[in-house]
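Listed below, chain by chain, are the residues.
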Amino acid sequence: MARVRPLSGFPELTPRDRVVEAHVLSTLREVFALHGYGEIETRAVEPIDRLAGDSEASKEIYVLQRLNAEGDAEAKLGLHFDLTVPFARYVEENQGALQFPFRRWQIQKVWRGERPQEGRFREFYQADIDIVARETLPEHLESEVAIVMARALGRLPIPSVTMHVNNRALVEGFYRGVGIDDVAGALRSVDKLDKIGPDGVRAELAEQGVSETAADAALELARISSPDASFAAAVEDLWETTTKVEDPSDAQEQLARGIASLTALVESVNAAVPGTAVADLRIARGLDYYTGSVYETFMDGHEGFGSICSGGRYDSLVAGGGFPGVGMSIGVSRLVALLLSAGLVSATRGVPSAVLVAVTDEETRAASQGIADRLRDRGIPCEVAPSAAKFGKQIQHADKRGIPFVWFPAPDGDGQVKDIRTGDQVDADADTWEPPAADRWPGVSAADPA
RNA sequence: GUGGCUGUAGCUCAGCAGGUAGAGCAUCGCGUUGUGGUCGCGAGGGCCGCGGGUUCAAGUCCCGUCAGCCACCCCA
């Protein structure tokens with residue numbers, strides 16, 4: 001038999017690390033549900049022609065095909081590479097059964113055939129929330145998703161986060177006003193500002209045929225940011241002083257709408273979750289279907305991790321038009337991998353058991369199992385020692401697994417339970433004894449801020 | 001998908017210029033015959049990632065491959 005080997009980009013966690021991932025997942029579910037979002041789960045596959053919207057993305061798609069398919073049969077199914085495409089199909093398919101605006105959360109694995117690196121995998125969890133409307137999507141919902149995500153992230157055992165927000169209409173209006181026609185292309189270049197610097201962006205824009213003055217204006221715009229509404233005045237000043245196209249009235253109108261929308265977003269998010277949102281006019285997002293608010297979220301002090309939660313507003317979820325919506329997505333696997341490798345979080349233990357019931361000798365194993373079952377009846381996770389080794393060994397067995405309590409049965413009664421961290425040992429009754437709430441199940445602790 | 005760096009014990013890493021594989025920690029045993037963690041003594045543990053090549057001789061040099069990481073690309 002061939003030796004087993006890891007598969008590049010398909011990581012598997014130890015039980016202890018999975019405790020961290022599971023904790024993150026359940027925390028997100030709870031916060032999403034608290035805000036009225038319902039869960040859906042979609043199938044793992046979609047027709048390839050639906051997935052492969054553009055040829056760029058299609059290179060990443062894993063296809064699904066029967067091993068013994070006819071030799072010339074073309075693969076028709078592919079694994080989804082995000083949750084937005086399947087969600088769009090789901091909404092279209094079930095529109096008669098859904099109430100709008102429709103809020104949903106969805107946490108599933110997705111697959112991308114990319115070259116793996118730390119925190120970048122080929123199979124990973126994504127956690128999405130979206131709200132879609134049938135006809136028009138009220139603007140306040142663009143604030144709502146940001147607030148829900150900010151609260152969800154706030155509940156995780158991670159450092160505080162800052163959500164950088166921008167508005168596509170604002171940027172597009174501005175760009176068109178200064179004579180940049182390929183708005184999407186320009187955005188992609190400006191998005192690289194951190195990586196390639198202002199001169200790099202200028203060079204890329206020049207290649208796209210953007211004039212020097214327009215490129216400078218775009219870079220000036222990207223420099224503006226504020227944790228409140230004061231960005232608006234800065235944008236308006238820049239607009240006044242910059243060289244514009246012959247008739248910028250349409251562009252100016254679009255710009256004004258974007259400014260108003262971004263102002264409302266920053267103010268309402270910060271009212272709900274103070275200190276979270278920053279209007280940052282450099283945030284672009286590579287995806288070109290966004291039309292309104294766009295979001296990128298960074299962990300304070302760990303900006304190098306990149307965005308851990310992002311999204312935006314789109315005018316139309318489905319190809320034929322209709323169903324405007326807004327959504328955000330957390331790359332859970334990426335986030336968890338980065339947290340673990342940076343030592344920012346750890347599980348309190350890797351096994352569920354809060355108690356190890358010791359075995360005095362094999363003749364009385366049944367008595368130990370009886371104690372364990374009575375604890376389980378009351379929802380206390382426990383296990384029975386694998387062998388009747390010396391008690392010192394049994395304590396070590398518990399200690400290595402992080403099990404905080406060892407129960408020593410006695411011939412006459414239930415015996416005693418010992419907290420092996422403190423050494424405290426007390427008489428106990430298996431029908432009434434309770435571990436502290438914090439010890440009952442494995443938990444996740446944030447690293448002490450150094 | 002393109003380019004680069006790395007791969008030696010469970011972990012972190014030494015290994016000289018090609019000359020029979022090492023340390024610390026961890027593990028196991030005993031001292032300590034039924035309540036651990038200290039200390040002392042001892043032991044086990046290696047397809048030197050995998051395959052091929054050069055050489056009298058390869059952990060060491062060359063090629064390929066796989067895996068991890070980094071930069072592109074793209075994004076979570």
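Residues numbered from 1 in each chain as written. Chains lettered and ligands numbered in written order. Predicted model: local features only at pLDDT ≥ 70, side-chain atom pairs only at ≥ 80, totals over all residues. Heavy atoms only, no water.

As annotated in an unreviewed UniProt entry, chain A carries the name Histidine--tRNA ligase and comes from Demequina zhanjiangensis. Under the Sequence similarities (unreviewed entry) heading, UniProt states for chain A: "Belongs to the class-II aminoacyl-tRNA synthetase family." In its Catalytic activity (unreviewed entry) section, the UniProt record describing chain A reads: "tRNA(His) + L-histidine + ATP = L-histidyl-tRNA(His) + AMP + diphosphate + H(+)". (UniProt positions renumbered as here; feature names shortened; annotations may be inferred.)

Colleague: Quick question: what am I supposed to make of the domain arrangement of chain A here?
Modeller: When the parts come together, some accessible area is lost, and that loss is often what is quoted as the size of the interface. One can read the domain layout of chain A as domain 1 (165-272) and domain 2 (355-446). Computed from C-alpha atoms alone, the centre-to-centre distance between domain 1 and domain 2 is 63 Å. (Domains from an automatic or database assignment.)

Colleague: Quick question: what am I supposed to make of the packing of helix 8 (residues 193-207) against helix 9 (residues 212-223) here?
Modeller: Helix-helix packing is characterised by the crossing angle of the two axes and by the distance between the axes. In the contact formed by helix 8 and helix 9, the axes pass within 9 Å of each other and the chain directions differ by 160 degrees. As far as their axial angle goes, helix 9 and helix 8 are roughly antiparallel. Relative to helix 9, the crossing made by helix 8 is right-handed. Along its contact with helix 8, which presents Leu193, Pro198, Val201, Arg202 and Leu205, the element helix 9 presents Ala215, Asp216, Leu219 and Ala222. Along the lines of polarity and charge, the residues of the contact of helix 8 with helix 9 split into seven nonpolar, no polar and two charged. (Axes fitted to C-alpha atoms, helices over the stretch in contact; angles between N-to-C directions. Helix = DSSP H or I, 4+ residues; strand = E, 2+ residues; numbered from the N terminus. Parallel < 35°, antiparallel > 145°, perpendicular 65-115°, else oblique. Left-handed = near helix turned anticlockwise from the far one by under 90°. Contact = heavy atoms within 4.5 Å. Nonpolar A, V, L, I, M, F, W, Y, C, P; charged D, E, K, R; others polar.)

Colleague: What's the story with the nonpolar core in this structure? I'm lost.
Modeller: In summary, soluble globular proteins display a tendency toward joint burial of nonpolar side chains. Counting residues in hydrophobic clusters, the biggest one holds 86 residues, and the most contacted among them are Leu28, Phe32, Leu170, Tyr175 and Phe231. Here this core gets nine residues from one element, more than from any other, and that element is helix 5 (residues 140-155). In this structure, tyrosine 175 is in contact with Ile180, Val183, Ala186, Leu187, Val190, Ala218 and Leu221, ignoring residues within four places of it in sequence. Among the nonpolar cores identified, the runner-up in size contains 24 residues, and Val357, Ala372, Ile403 and Val417 belong to it. (Core = buried A, V, L, I, M, F, W, Y, C linked by side-chain atoms within 4.5 Å. Buried < 20%, exposed > 50% of the residue type's maximum accessible area, 1.4 Å probe, protein only.)

Colleague: Explain the pattern of salt bridges here, please?
Modeller: Two side chains carrying opposite charge are able to pair once their charged atoms lie near each other. Counting across every chain of the model gives 23 salt bridges. In this structure, glutamate 21 engages arginine 18 in a salt bridge whose closest nitrogen and oxygen atoms are separated by 2.6 Å. In this pair, glutamate 21 and arginine 18 both sit in helix 1 (residues 15-34), three residues apart, roughly one turn of the helix. Arginine 440 is the salt-bridge partner of glutamate 434, the closest N and O atoms lying 2.8 Å from each other. The class for arginine 440 is buried, based on a relative accessible area of 18%. The network of salt bridges with common partners includes Arg43, Glu46, Arg89 and Glu93. (Salt bridge = Lys/Arg side-chain N within 4 Å of Asp/Glu carboxyl O.)

Colleague: Would you take a moment to explain helix 9 for this structure?
Modeller: Three or four residues apart is the spacing at which side chains of an α-helix point the same way, because the helix has 3.6 residues per turn. An ideal rise of 1.5 Å per residue puts 16 Å on 12 residues; helix 9 measures up with 17 Å between its terminal C-alpha atoms. When we look at burial in helix 9, the residues that qualify are Ala214, Ala215, Ala217, Ala218, Leu219, Leu221 and Ala222. On its buried side, helix 9 packs onto helix 6 (168-177), helix 7 (183-190), helix 8, helix 10 (231-241) and strand 9 (277-280). (Expected span 1.5 Å × (residues − 1).)

Colleague: How should a negative patch on the surface be read in this particular structure?
Modeller: Judged by side-chain charge, Glu246, Asp247, Asp250 and Glu253 come together as a negatively charged surface patch. Looking at where aspartate 247 falls in the secondary structure, it is placed in the loop between helix 10 and helix 11 (249-272). (Patch = residues over 30% accessible without salt bridge, like charges linked within 9 Å, V, L, I, M, F, W, Y side chains within 5 Å. Areas by Shrake-Rupley, 256 points an atom, 1.4 Å probe, with all protein chains shown as cover. Lys, Arg positive; Asp, Glu negative; His and termini not counted. Charge placed at Lys NZ, Arg CZ, Asp CG, Glu CD.)

Colleague: What is the right way to read the sheet that holds strand 5 (residues 102-111) from this model?
Modeller: Paired through their backbone hydrogen bonds, the strands of a sheet run either parallel or antiparallel. A sheet is described by the order of its strands in space; here nine strands give the open sequence 1-5-6-12-11-10-7-9-8, paired in mixed fashion. Only two strands of the sheet have a single neighbouring strand rather than two, namely strand 1 (38-39) and strand 8 (225-226). In this structure, strand 6 (residues 123-132) lies alongside strand 12 (residues 325-331), joined through seven bridges in antiparallel fashion. Bridge pairing links aspartate 130 to glycine 327 in strand 12. Along the sheet, helix 6 contacts strand 7 (161-167) and strand 10 (290-299); its crossing angle with strand 7, the most-contacted strand, is approximately 45 degrees. (Pairing = 2+ DSSP bridges.)

Colleague: Would you explain the side chain of aspartate 414 in this entry?
Modeller: Structurally, aspartate 414 can be placed in the loop between strand 16 (405-408) and strand 17 (416-419). If we skip the residues at most four places from it in the chain, aspartate 414 touches Ile371, Arg374, Trp407, Phe408, Pro409, Ala428, Asp429 and Ala430.

Colleague: Help me out: how do you make sense of the packing of aromatic side chains in this one?
Modeller: For any pair of aromatic rings, the description consists of the separation of the ring centres together with the inter-plane angle of the planes. As enumerated under the stated definition, the model contains 10 aromatic pairs in all. Centroid distance phenylalanine 100 to phenylalanine 323: 5.5 Å. Interplanar angle 45 degrees. Geometry classified as tilted. Of this pair, phenylalanine 100 sits in the loop between helix 4 (84-94) and strand 5 while phenylalanine 323 sits in the loop between strand 11 (309-314) and strand 12, and the two are 223 residues apart along the sequence. Looking at phenylalanine 323, the relative accessible area reads 6%, which means it is buried. Each ring, one from tyrosine 289 and one from tyrosine 290, has its centre 4.9 Å from the other, and the planes form 55 degrees; the classification is tilted. Overall, tyrosine 289 belongs to the partly exposed group, its relative accessible area being 35%. Following the ring pairs from residue to residue traces out a cluster consisting of Tyr289, Tyr290 and Tyr314. Above the face of the tyrosine 37 ring, arginine 103 is positioned so that its terminal group lies 5.9 Å from the ring centre. (Phe/Tyr/Trp six-rings, centres within 6.5 Å; stacked < 30°, edge-to-face > 60°. Lys NZ or Arg CZ within 6 Å of the ring centre and 35° of its normal.)

Colleague: Looking at this structure, I do not really get the pairing of strand 10. What am I missing?
Modeller: Where burial is concerned, most of strand 10 is hidden: nine out of the 10 residues are buried. Here strand 7 pairs with strand 10 via seven bridges, running antiparallel. In the sheet register, valine 161 faces strand 10, and the bridge partner there is methionine 299. Of the strand pairs in this sheet, strand 10 and strand 11 are connected by five bridges, and their pairing is antiparallel. Following the sheet pairing, tyrosine 290 is matched in strand 11 by tyrosine 314.

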